[in-house]
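Commentary on secondary and tertiary structure
The chain contents come next:
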Amino acid sequence: MARVALVTGGTRGIGKAISARLKADGYKVAANYGGNAEAAEATAKELGISVYKWDVGNAAECAEGIAKVQSELGPVDVLVNNAGITRDGLFHKMSAEKWDDVIRVDLSSMFYMTRPVIEGMRERGFGRIINISSINGQKGQVGQVNYSAAKAGIIGFTKALAQESASKGVTVNVVAPGYVDTDMVAAVPEDVLKKIISTIPVGRLGKAEEIAAMVAFLASDQAGFITGATMTVNGAQYIAG
Ligand code: CAA
């Protein structure tokens, strides 16, 4: 029987590439999205997958959304916590709202999404939880105190949960992308982005498919001995910085 994969933020950017790759690998894919219905419908049609709208930063909506996915597709075997937002700005000018929004959507979503699926994974003796962090959670980034804190928090969340889940066949890992060619990165001011690209030894932005390939490997049976890990996919930017 095909495994069920749920990808948050799975209809655009890196998430869309993950949905596409997992679908191609034979999973039944459910892609969550937060707001852009037009893009979601287009992705659903293009990839032949089911799409579901809810806010990953809202506990009740997550519980309800996951229940719907499970009743339609079956128990979730692979959860990819990919959805995330930025609210960039220098910290000394940052509003509490920008802080709260990013912590809620990028970090609290880890609890809201994972808590409803973890018991089933433990009972069935198999699960893959793959959390998308960022190079900026590893090294910090000017203008992203909120985002860097949330993305670093994901790494701690993963390391702790991996230890609790290891004996039950459930692996929990982080993929930490560098700067990838998506709408999120395109929103960085052009001069700033140019400077950032000059610090990437590979000399270019990453491709969403390159992140998806790592996620697909971690989701596979071959990756059963990898848990609690942070897989960096960043063109050597982190080690060179
Ligand atoms: N170190 C310290 N200070 C810095 C700096 C640096 N590297 N770069 C800029 N600054 C300071 C300058 O000194 C200046 O301060 P003063 O006003 O005291 O002179 C200030 O930043 C720049 O002033 P601006 O008027 O340009 O500030 P701003 O508030 O308009 O914008 C910013 C600043 C928000 C940081 C903007 O430059 C920006 O958006 N940078 C990009 C941040 C970024 O990389 N975001 C990643 C988005 S993609 C993503 O998140 C995906 C992923 O996971 C990789």
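This text gives an overview of the structure that appears in the document. (Residues numbered from 1 in each chain as written. Predicted model: local features only at pLDDT ≥ 70, side-chain atom pairs only at ≥ 80, totals over all residues. Heavy atoms only, no water.)

The ligand sits among 20 residues. The nearest are Asp88, Ser134, Gln144, Tyr147 and Tyr179. Within the side chain of Gln141, an N or O atom sits 3.3 Å from an oxygen atom of the ligand. For the ligand, whose free accessible area comes to 1,100 Å², the fraction covered by protein is 54%. Mapped onto the shell around the ligand, the elements with two or more residues apiece are α7 (183-186) and α8 (190-197). Of the residues that constitute the shell around the ligand, the class distribution is 10 nonpolar, 8 polar and 2 charged. (Near = heavy atom within 4 Å. Polar contact = N/O pair within 3.5 Å; in protein donor to acceptor, adjacent residues only side chain to side chain. Areas by Shrake-Rupley, 256 points an atom, 1.4 Å probe, with all protein chains shown as cover. Helix = DSSP H or I, 4+ residues; strand = E, 2+ residues; numbered from the N terminus. Nonpolar A, V, L, I, M, F, W, Y, C, P; charged D, E, K, R; others polar.)

With the rule as written, the count across this model stands at 1 aromatic pair. Across the ring face of Phe126, the terminal group of Arg3 is positioned such that the distance to the ring centre comes to 3.8 Å. (Phe/Tyr/Trp six-rings, centres within 6.5 Å; stacked < 30°, edge-to-face > 60°. Lys NZ or Arg CZ within 6 Å of the ring centre and 35° of its normal.)

Moving on, we get to the pattern of salt bridges. A complete count under the given rule lists 9 salt bridges for this structure. The partner of Arg115 in a salt bridge is Glu119, with the nearest N and O atoms 2.8 Å apart. Taken as a pair, Arg115 and Glu119 lie in helix α4 (residues 96-124) at a separation of 4 residues, close to a single helical turn. A residue is classified by how much of its surface remains accessible, and Arg115, at 40% relative accessible area, is partly exposed. Put simply, Asp55, Asp101 and Arg104 are held in one network by salt bridges that share partners. (Salt bridge = Lys/Arg side-chain N within 4 Å of Asp/Glu carboxyl O. Buried < 20%, exposed > 50% of the residue type's maximum accessible area, 1.4 Å probe, protein only.)

In spatial order, the strands read β3-β2-β1-β4-β5-β6-β7; together these 7 strands make up an open sheet with parallel pairing. One side of each edge strand has no neighbouring strand; the edge strands of this open sheet are β3 (50-53) and β7 (230-233). Taking each pair of neighbouring strands and ignoring which way they run, the sheet shows an average axis angle of 20 degrees. Inspection of the sheet shows strand β1 (residues 4-7) paired to strand β2 (residues 28-33) by 4 bridges, in the parallel sense. Note on β2: the bridge partner recorded for Val7 is Ala31. (Pairing = 2+ DSSP bridges. Axes fitted to C-alpha atoms, helices over the stretch in contact; angles between N-to-C directions.)

Turning our attention to the pairing of β3. By the bridge criterion, 4 bridges tie β2 to β3 in an arrangement that is parallel. By the bridge assignment for β3, Asn32 is matched with Tyr52. Chirality of the crossover, the property in question, places the unit of β2, helix α2 (residues 37-47) and β3 among those that are right-handed. (Right-handed = clockwise from strand over helix to strand, strands pointing away.)

Helix length check: helix α6 (residues 145-165) (21 residues) gives 30 Å between terminal C-alpha atoms against 30 Å at 1.5 Å per residue, within 8%. Its buried side turned inward, α6 meets α4, β5 (127-132), α5 (135-139), β6 (170-177), α7 and β7. (Expected span 1.5 Å × (residues − 1). Contact = heavy atoms within 4.5 Å.)

This paragraph deals with the nonpolar core. Of all hydrophobic cores here, the largest spans 30 residues; its most connected members are Ile18, Leu22, Val80 and Ile130. Of all elements in the fold, only β1, α1 (13-24), β2, α2, β4 (78-81), β5 and α9 (208-219) reach the threshold of two or more residues within this core. Setting aside residues no more than four positions away along its own chain, Val80 makes contact with Leu6, Val7, Thr8, Ile18, Leu22, Ile130, Ile132 and Val215. If you look at the next biggest cluster of nonpolar residues, it comprises 28 residues, including Ile66, Val76, Val102 and Tyr147. (Core = buried A, V, L, I, M, F, W, Y, C linked by side-chain atoms within 4.5 Å.)

Moving on, we come to the packing of α1 against α2. Running from N to C, α1 and α2 point in directions that differ by 20 degrees, and their axes come no closer than 11 Å. Our classification of the angle between α1 and α2 gives roughly parallel. Crossing angle aside, the handedness with which α1 passes α2 is right-handed. Listed contacts from α2 to Lys16, Ser19, Ala20 and Lys23 of α1 are Thr43, Glu46 and Leu47. (Parallel < 35°, antiparallel > 145°, perpendicular 65-115°, else oblique. Left-handed = near helix turned anticlockwise from the far one by under 90°.)

Let's shift gears to a nonpolar patch on the surface. Residues Phe91, Trp99 and Val145 make up a contiguous nonpolar surface patch of roughly 280 Å² in combined accessible area. Inspection of the secondary structure assignment puts Trp99 in helix α4. (Patch = residues over 30% accessible without salt bridge, like charges linked within 9 Å, V, L, I, M, F, W, Y side chains within 5 Å.)

What follows deals with the environment of Ile211. With respect to the helices and strands, Ile211 occurs in helix α9. Accessibility expressed as a relative area gives 1% for Ile211, which makes it buried. In this structure, the C-alpha to C-alpha distance between Ile211 and Val233, residues 22 residues apart in sequence, is 6.7 Å. Setting aside residues up to four positions removed in sequence, Ile211 forms contacts with Ile14, Val175, Pro177, Val180 and Val233.

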